[in-house]
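Take a look at the letters that make up each chain.
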Amino acid sequence: MAPLVPLRVRGPARGDEASAVVPRGGVLEVGVVLTHACNLACVYCYTGDKKRVRMSEAVADAALDFAFRTAAARGSRLQLGFFGGEPLLERTLLLDLAARARARAEADAIGLTLQVTTNGTLLTPTLVEQLGALQVHVALSIDGTQAQHEAGRPLAGGGSSWEATRAGLDALVAARDRFPFDVIAVIDPCNVAGLADGVLELVDAGVESLTLNMNWGARWDDAAWSQLEDQLERVAAVFLAALRDGRWIRIQPLESALRSQLERGEVVTAGCSPAGRRLAVAPSGRLYACARAVGEDDGRASIGHVDHGVVVTPADPAHGCSCANVEETGDAAIAGQTRIRHDRALASITGRLAVRLGKEFAHISVIEQRPTPSP
Ligand code: SF4
């Protein structure tokens, strides 16, 4: 693996940390990793060892202050996302931070969006109400059908997480008119054969916003590739059928590709802008370019600390996501064959979809793109 950016120098004085990092205006996304612990053991997890290390109250305070000061310094809106491990293992801390963030946003007159990315197993109707009352947007990870989900998302220690995750999804669906939510499904060779069936099942269950996250680091052989291309084509058909039925569902990355076609006449995959519009705070207080880069928080990819700010600015990859590039090629700046082949297939499928949509395509309303959370 190519070296990322070791933390080896002290940064600027407190308060100056964001000046050279985050572009003015726009949205600053700060991920707060509340714990390394998780009650699942997903086969494609990239968050490293599930050690029982949680964020202390002191680091949480510093993280909140850092996020607001950085957003204020740059004149940005703030999007605060809670991650893990499984962040709902720390729901008391999460709800407390969310409440304090709401109060701080009002006092500082800073626009604020709150989000949590969860495996859903600990979600209850009560917790959905508590999160909703604080306007914490939920992104729940579920991989489609029961067979797909069980192929990749066992409980830590063994056994199925399906019933618990579906109960969490049902709680979200029951409250969706008041609290819209997102679903994340990870595409891996172990579940790709059922991708379109899984998307259809989720849509039928009441999911209206779905992100399909590729496991770039998996071994995608020719058979798996062939299945992926076929399944993505069928996902596009599910999207089109829903649209014809008068139902607008969001399926990423299809929606972004359509938007790119609409605005630029071609599908262009942007870089992920590490540390530009995204930052993350680990339980230790170390800063990373995004929540996905935290991993085991061993410091190798760290770019600073909440106590003294960002000290190293990683380069934006020309193509794809830095973390995904590292997983596939070992170099944050270089996208691998899996990424490139996927993006070409997506462009081709989107082009055909655009043709089939015809004039409707020009009228599609594409809402502001949200970041893709970790699985
Ligand atoms: S992918 Fe998420 S839910 Fe699965 S083991 Fe890793 S942290 Fe837990």
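Procedures and definitions
- Residues numbered from 1 in each chain as written.
- Predicted model: local features only at pLDDT ≥ 70, side-chain atom pairs only at ≥ 80, totals over all residues.
- Axes fitted to C-alpha atoms, helices over the stretch in contact; angles between N-to-C directions.
- Helix = DSSP H or I, 4+ residues; strand = E, 2+ residues; numbered from the N terminus.
- Parallel < 35°, antiparallel > 145°, perpendicular 65-115°, else oblique.
- Left-handed = near helix turned anticlockwise from the far one by under 90°.
- Contact = placed C-beta atoms within 7 Å.
- Near = placed C-beta within 6 Å.
- Nonpolar A, V, L, I, M, F, W, Y, C, P; charged D, E, K, R; others polar.
- Expected span 1.5 Å × (residues − 1).
- Buried ≥ 20, exposed ≤ 12 C-beta atoms within 10 Å, placed from the backbone.

## Observations concerning the packing of helix α6 (residues 195-205) against helix α7 (residues 222-244)
Here's step 1: At their nearest, the axes of α6 and α7 sit 8 Å apart, and the two run at 25° to each other. On the basis of their axis angle, the class for α6 and α7 is roughly parallel. In this structure, α6 meets α7 at a crossing whose hand is right-handed. In contact with L195, A196, V199, L200 and V203 of α6, α7 contributes Q231, R234, V235, V238 and A242.

## Focus: the site of the ligand
Here's step 1: Inspection of the region around the ligand gives 11 residues, with C38, L40, C42, C45 and N119 positioned closest.
Here's step 2: Its residues assigned to classes, the shell around the ligand comprises 6 nonpolar, 4 polar and 1 charged.

## Brief notes about the packing of helix α1 (residues 57-74) against helix α2 (residues 91-108)
Here's step 1: Here α1 crosses α2 at 30°, and the two axes come no closer than 11 Å. Comparing their axes, α2 and α1 come out roughly parallel. Crossing handedness for the pair α1 and α2: right-handed. Two secondary-structure elements touch here, α1 through A60, L64, F68 and A72 and α2 through L93, L97, R100, A101, R104 and D108.
Here's step 2: Class assignment of the residues belonging to the contact of α1 with α2 gives a composition of 7 nonpolar, no polar and 3 charged.

## Overview of α7
Here's step 1: Across its 23 residues, α7 extends 33 Å between first and last C-alpha, which sits within 8% of the 33 Å expected from 1.5 Å per residue.
Here's step 2: Burial in α7 covers these residues: L228, Q231, L232, V235, A236, V238 and F239.
Here's step 3: In the segment just after α7, G246 is the residue with positive phi, at about 80°.

Everything listed is a geometric property; what it means functionally is a separate question.
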